[in-house]
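Coordinate analysis (summary)
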Amino acid sequence: MFPTATLVNYLHLCHRKLWLHANHIRMEHTSEAVAEGKQLHEHAYPQRTERYREITLDGSVIDFYDPYNKVVHEMKKSDKMEHSHIAQVQFYLYLLQKNGVEGATGLIEYPKLRQTQQVSLTEEDVPMVEGWIRVIEQLVDSEKCPGRIAKSKCRSCSYFDFCYVEELPE
Ligand code: SF4
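Residues numbered from 1 in each chain as written. Predicted model: local features only at pLDDT ≥ 70, side-chain atom pairs only at ≥ 80, totals over all residues. Heavy atoms only, no water.

Some thoughts on the packing of aromatic side chains
By convention here, two paired aromatic rings are described through the distance between centres and the angle between planes. Under the criterion given, the structure shown has five aromatic pairs. Here Phe2 and Phe91 contribute two aromatic rings whose centre-to-centre distance is 6.2 Å and whose plane-to-plane angle is 25°, an arrangement assigned as stacked. Pair noted here: Phe2 is in the segment before helix 1 (5-11) and Phe91 is in helix 4 (residues 83-98), with a separation of 89 residues, a long-range link. What makes Phe2 partly exposed here is its relative accessible area of 29%. Look at Phe91 and you get buried, because its relative accessible area is 0%. Residues Tyr159 and Phe162 carry aromatic rings whose centres are separated by 6.4 Å and whose planes lie at 80° to one another, so their mutual orientation is edge-to-face. What makes Phe162 partly exposed here is its relative accessible area of 34%. Each residue in the set Phe2, Phe91 and Tyr94 is aromatic and connected to the rest through ring pairs, giving one cluster. Sitting above the plane of the Phe2 ring, Lys98 keeps its charged end 4.5 Å from the centroid. (Phe/Tyr/Trp six-rings, centres within 6.5 Å; stacked < 30°, edge-to-face > 60°. Helix = DSSP H or I, 4+ residues; strand = E, 2+ residues; numbered from the N terminus. Buried < 20%, exposed > 50% of the residue type's maximum accessible area, 1.4 Å probe, protein only. Lys NZ or Arg CZ within 6 Å of the ring centre and 35° of its normal.)

Given below as structure tokens:
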């Protein structure tokens, strides 16, 4: 299985989350944060969708790609800029390059922060992305679910109840 952008994102957040998602244990449908993110995607771009295309490359979906300017647009509802967001967009740029589109760039928009983040994929970044792919393949192939990360980083995770079920009040 070739990794998806979601797995690349999760690689940079939590290996346990990556493993659970890859093994079809999905909790995203129960998450308010995920629902909020979807709403943001649906409502934030309505007038601009004509310019953008949704494209699928090697199993990953890029929701908003501007083919004229070769720009991947990604919107995050987060109130924090995260390395995992940049990694996800760099993976999209890698997929575009792998499929013959040279020189594409990315733009992450943070409406809550009123900030944007430019993303590029340099020649030196390519081996790094290929390294992520290898680590993801190893994690997915592993029979053992990785352990939990520090609880302080888990608060907004859709797997929180799943991971901390023994601590929930009866
Ligand atoms: S709750 Fe924490 S340990 Fe569990 S999957 Fe989410 S981030 Fe990882």
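Now that the structure is up, let's keep going.
Points about the packing of helix 2 (residues 15-22) against helix 5 (residues 125-141)
Interhelical geometry of helix 2 versus helix 5 gives an angle of 65° and a closest axis separation of 9 Å. Along this stretch, helix 2 crosses helix 5, giving a crossing that reads as right-handed. In this structure, helix 2 uses His15, Leu18, Trp19 and Ala22 to contact helix 5, whose residues at the interface are Ile136, Leu139 and Val140. Tallied by class, residues from the contact of helix 2 with helix 5 come to six nonpolar, one polar and no charged. (Axes fitted to C-alpha atoms, helices over the stretch in contact; angles between N-to-C directions. Left-handed = near helix turned anticlockwise from the far one by under 90°. Contact = heavy atoms within 4.5 Å. Nonpolar A, V, L, I, M, F, W, Y, C, P; charged D, E, K, R; others polar.)

Honestly, that's just the spatial picture; any functional story needs more than this.
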